[in-house]
Amino acid sequence: MSGIEESTTSQGRALTVAGVLALCVALLSGWLSVVAAGSAAAAEPRPTVTVSQSTNLVNQRILVKWTGFTLAADTNAVVVMQCKGTAPKARDCWAPRWTQNGEEVGQPDGSSPGAATKQTGLPTAADGSGQVWLQVRPALRLTELGCTDRQLCSVVAFVMPADGSTVSAFRPKANILLGEGFGPLDTDMDLAFAAGQAAVTPLSFVPAPNVCPGMEHPDLSVNGAGEFTQAGASWVFGLCTARTNTVNMTVSAGSGPSGREVFLSDGVDIGVTQQPIGGALDQARPVALAGVRDKAKTVYAPLTNGALAFSFNIDDTRTRLPITSMNLTPRLIAKLITGAYQAAPHGPNAIVYLANDPEFKAINEARNWPLDLRTPILRGVQDDTIWALTSWLASDPETVTWLSGTPDANGVVCPPDWRIGKANYPLAVYTNRLEMLTNTNVPQTVYEDIVNRLGNSIPTNRTMTETGPKDIGQDKYGYHNVMAITSVEAAARMGTPVAKLRNAAGNFVDPTDPATVRAGVAAAKPGPDGVTLTNDYRSTVANAYPLTITNVAMVSTDKLTAAKAGKIDAFLAYAATAGQVQTGSFQPGALPPGYVPLGDAQKQQITDARKKIADAPKWTGETPPPTTAPVDQGGNNAAGSAGTSTGNNGGPNTPSPADPTGAPTTAPSASPSTAPVGAAAPPADKGPFPPVANLIKDALDGDPSAVVLLVLMCVSGAALIACPVLLSLGHKRRTGGWPPPVAAVLRLIGRQGAAA
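Residues numbered from 1 in each chain as written. Predicted model: local features only at pLDDT ≥ 70, side-chain atom pairs only at ≥ 80, totals over all residues. Heavy atoms only, no water.

Visitor: Summarise the sheet that holds strand β8 (residues 153–159); cite the residues concerned and give the values.
Guide: Pairing between the strands of a sheet is mediated by backbone hydrogen bonds and can be parallel or antiparallel. Sheet architecture is open: four strands sit in the order β6-β3-β8-β9, paired in antiparallel fashion. At either end of the open sheet lies a strand with only one pairing partner, and these are β6 (118–124) and β9 (198–203). The average undirected angle you get between the axes of adjacent strands in this sheet is 25°. Relative to β9, β8 runs antiparallel, the two sharing six bridges. Counterpart to F158 in the pairing with β9 is A198. Of the strands in this sheet, β3 (75–84), β8 and β9 are in contact with helix α2 (residues 186–194), which crosses β8 at around 80°. (Pairing = 2+ DSSP bridges. Helix = DSSP H or I, 4+ residues; strand = E, 2+ residues; numbered from the N terminus. Axes fitted to C-alpha atoms, helices over the stretch in contact; angles between N-to-C directions. Contact = heavy atoms within 4.5 Å.)

Visitor: Outline helix α6 (residues 330–337), listing residues and values.
Guide: Extensive coverage of α6 is indicated by the burial of eight of its eight residues. When we look at burial in α6, the residues that qualify are P330, R331, L332, I333, A334, K335, L336 and I337. Within two residues after α6, G339 carries a phi angle of roughly 70°, on the positive side. (Buried < 20%, exposed > 50% of the residue type's maximum accessible area, 1.4 Å probe, protein only.)

Visitor: Lay out the state of the cysteines with the relevant residues and their values.
Guide: Summed over all chains, the structure comprises three disulfides. Put simply, C83 and C93 are joined by a disulfide, and their sulfur atoms are 1.9 Å apart. The S-S bond linking C83 to C93 shows a torsion near 100°; that makes this disulfide right-handed. One end of the pair, C83, is in strand β3; the other, C93, is in the loop between β3 and β4 (97–100), and ten residues separate them in sequence. Note on accessibility: C83 and C93 belong to one class, buried. Between the sulfur of C147 and that of C153 lies a disulfide, 2.0 Å long from S to S. (Disulfide = S-S within 2.5 Å.)

Visitor: So what's going on with the packing of aromatic side chains? Residues and values would help.
Guide: Applying the stated criterion across every chain yields a total of five aromatic pairs. Ring centres of F360 and W369 lie 5.2 Å apart, and the angle between their planes is 75°; this geometry places the pair in the edge-to-face category. Taking 5.5 Å as the distance between ring centres and 25° as the angle between the ring planes, the aromatic pair formed by W418 and Y430 counts as stacked. Linking W418 in the loop between α10 (397–403) and α11 (447–456) with Y430 in the loop between α10 and α11, this pair joins segments that are twelve residues apart in sequence. Classification of W418 by relative accessible area gives buried; the value is 2%. (Phe/Tyr/Trp six-rings, centres within 6.5 Å; stacked < 30°, edge-to-face > 60°.)

Visitor: Go over the pairing of strand β10 (residues 220–225) with me, naming the residues and quoting the values.
Guide: With six of its six residues buried, β10 lies for the most part within the structure. Pairing of β10 with strand β11 (residues 249–254) involves six bridges; the strand directions are parallel. Following the sheet pairing, A225 is matched in β11 by G254. Relative to strand β12 (residues 270–273), β10 runs parallel, the two sharing three bridges. Paired with G224 across the bridge in β12 is V272.

Visitor: Break down the packing of α6 against helix α9 (residues 384–395) for me, citing the residues and quoting the values.
Guide: Orientation of α6 relative to α9, taken along the N-to-C sense of each, is 125°, at an axis distance of 9 Å. Relative to α9, α6 is oriented oblique. Handedness of the α6/α9 crossing: left-handed. Judged by residue contacts, P330, I333, A334 and I337 of α6 engage L389, W392 and L393 from α9. Classifying every residue of the contact of α6 with α9 gives seven nonpolar, no polar and no charged. (Parallel < 35°, antiparallel > 145°, perpendicular 65-115°, else oblique. Left-handed = near helix turned anticlockwise from the far one by under 90°. Nonpolar A, V, L, I, M, F, W, Y, C, P; charged D, E, K, R; others polar.)

Visitor: Which residues make up the packing of helix α3 (residues 229–240) against helix α14 (residues 562–576), and what are the values?
Guide: Between α3 and α14, the shortest axis-to-axis distance is 11 Å and the interhelical angle comes to 115°. Taken together, α3 and α14 sit at an angle that is classed as roughly perpendicular. As α3 packs across α14, the resulting crossing turns out to be right-handed. Counted together, W235, G238 and L239 of α3 and A570, F571, Y574 and A575 of α14 form the full contact between these two elements.

Visitor: Outline the environment of L321, listing residues and values.
Guide: Mapped onto the elements of the fold, L321 is located in the loop between β13 (298–314) and β14 (327–328). On the accessibility criterion, L321 (48% relative accessible area) is partly exposed. Through-space distance from the C-alpha of L321 to that of Y479 is 8.7 Å; in sequence the pair is 158 residues apart. Apart from the residues lying within four places of it in its own chain, the contact partners of L321 are I314, D315 and D316.

Visitor: Quick one: what's the story with the pattern of salt bridges, residue by residue and with numbers?
Guide: In the structure shown here, the tally under the stated rule is 20 salt bridges. Here K335 and E359 are joined by a salt bridge, their closest N and O atoms 2.9 Å apart. Taken together, the residues K335 in helix α6 and E359 in helix α8 (residues 358–361) connect sequence positions 24 residues apart. Accessibility assignment for this pair places K335 and E359 in one class, buried. The partner of E489 in a salt bridge is R493, and the shortest N-O contact between them spans 2.6 Å. Of the two residues, E489 and R493 both sit in helix α12 (residues 488–494), four residues apart, roughly one turn of that helix. Take E489 and R493: they sit in the same class, and that class is buried. Ionic contacts of the salt-bridge type, sharing partners, join the residues R331, K335, D357, E359 and D408 into one network. (Salt bridge = Lys/Arg side-chain N within 4 Å of Asp/Glu carboxyl O.)

Visitor: Which residues make up the sheet that holds β12, and what values go with them?
Guide: One open sheet accounts for six strands, arranged β11-β10-β12-β22-β13-β17; its pairing is mixed. The outermost strands of the open sheet, each flanked by one partner alone, are β11 and β17 (481–487). Across this sheet, the average inter-strand angle for adjacent strands is 20°, counted without regard to direction. Of the strands in this sheet, β13 and β17 touch α11, which is tilted by about 140° from β17. Strands in contact with helix α15 (residues 600–615) are β13 and β22 (548–556); relative to β13, the strand with the most contacts, it is inclined by about 140°.

Remember, this is a structural readout, not a statement about activity or role.
Here's what the structure looks like:
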């Protein structure tokens, strides 16, 4: 028996070994099959998409590149969009449409400066590659996508399928258009993904303003020049996350004059200006600045340096590629903003386009410029930058001669309505003086709308419809043709080139070179406060840029409490140190690209201002009302802001149509024209316990193991409650009575009920 048993045991072991070997062989074969399949798949080109910047994004343009699409050369069937999430569906994007309850629906897309986050009709080369500039927007500018550092988003590039395409028989759609007139369906995007004709790359934006605790009760409010907004938005995060001396603040943008009005009216803690209170522009106003604050108790401190720029987004009409360089003189810019080319008699040999002007040709490389060159987009409210621009024009001898009515050497003449005497130079506000340009030259109220139009190539040209004037919409890819007066910071953010301007020394200088801005600042003349600067337009410094900008803080020591002074001191200390650090891209807390850091002498001016504020008598009377965020009147920092305004929407300094100088006809208002950058957003949770929900959401954000731990904790808690209940029920079933502790509780409840 023992032998049989031994024989049986040996046979079982042999079978076990054989089974293990067979299993190993099967696993090895399967692994080799997977490797072989993977190698075959790797051999097939797969679409990829990359971007020029993927982190710390703000309201800006990024360069999107794609490869691997199997399309015929120059096929324009590629669509690029910003979407929510890193594995988005069509409804996570801002452009697609879909069918719901038998009707086609979708988000309100795309051509207005407040919402455009797609590009369509994009050509692809024979090798399957292509590129396009795409404007992307953070949560503050496009709440529907809610893109932040925590809510990741993405760029999706896919091929628009032709009608009748299937996964196995995919064909690209021919001749799709850019802009408002075209929007893909959700089924189009889904089919492209299924057929392998799509690619995704993740994006991460700057933190949402409500990342700062306590933003519902900000310590400081800052309002003024729009050119300061991006630096201020960055400093919001740097100050609220500082290890010591934290400050919660809101930053809103209007214009220099409106900022001075709001500041004097005690509607803001810190005003941002480029001119002193009561300066040249204020003196040109028929209505003097008024307010409750004592002007004599204003302390000035520099914040940022930068430059006003002639920015352009123009494509070569032959290559359809962006033109990247341009030289301009003061007189050429005067011709553009006065509409001289459009107003000229269109007879034989008449010069009716900038590109045909011999003055322009003589200083620029030969390019295929668009002949339908439009007037540049300018602000239509009283603004320090308009005053500076027209002061520069009025300081150039040949431009003054031309503005006086003398034709240039080629016969181009200034329109009568723009000549000196009919127009008072410098101008406080830019208005449309030529009736023929009513639908082609529409001054914009909100600074950021100008920036968005520049980046998306959305001109102000309008057509008349039965319901009134309507924007012509976004320029098609390869046909971009928009110019605008912006800051260098805005041009850098939108990835658009800026023109080199001829200075008084006769040199064409590039404002993207920090050395030219520093030279211009050094040549500028200080105002009566010693801090604000006026450019020396006649300076012969070889590399001095003529249109530099220095944004200056205004702080009042009138009725200033010690607590408020401490917060202002922390703000100014930050502005002089960490706020001047640049990293090459937008880094929350740092100085954004396009600005030029303050010099040592300017930092010393901040130190001097801090001392004046510290030494000023502190108010110990009635506590002032708490600072509130400025009222949104222009949508400068709100998603979906309209960009077709022709006036000031009833805000401060509304020009009278009967007054071409734009003199204000209403009393100054204490409300800034735009919404705060650092305003707190409402809680996202809608349940009965939003604070608890927010705590759990923040604790679990981005950590899968934390989710597992939370589940285990919930199970443990449920078991802790269930165990005594089940044990009590078991005791009653066995004995017919409740355990003593439970019985005592039941008796207590019975007594309470009897007493009631």
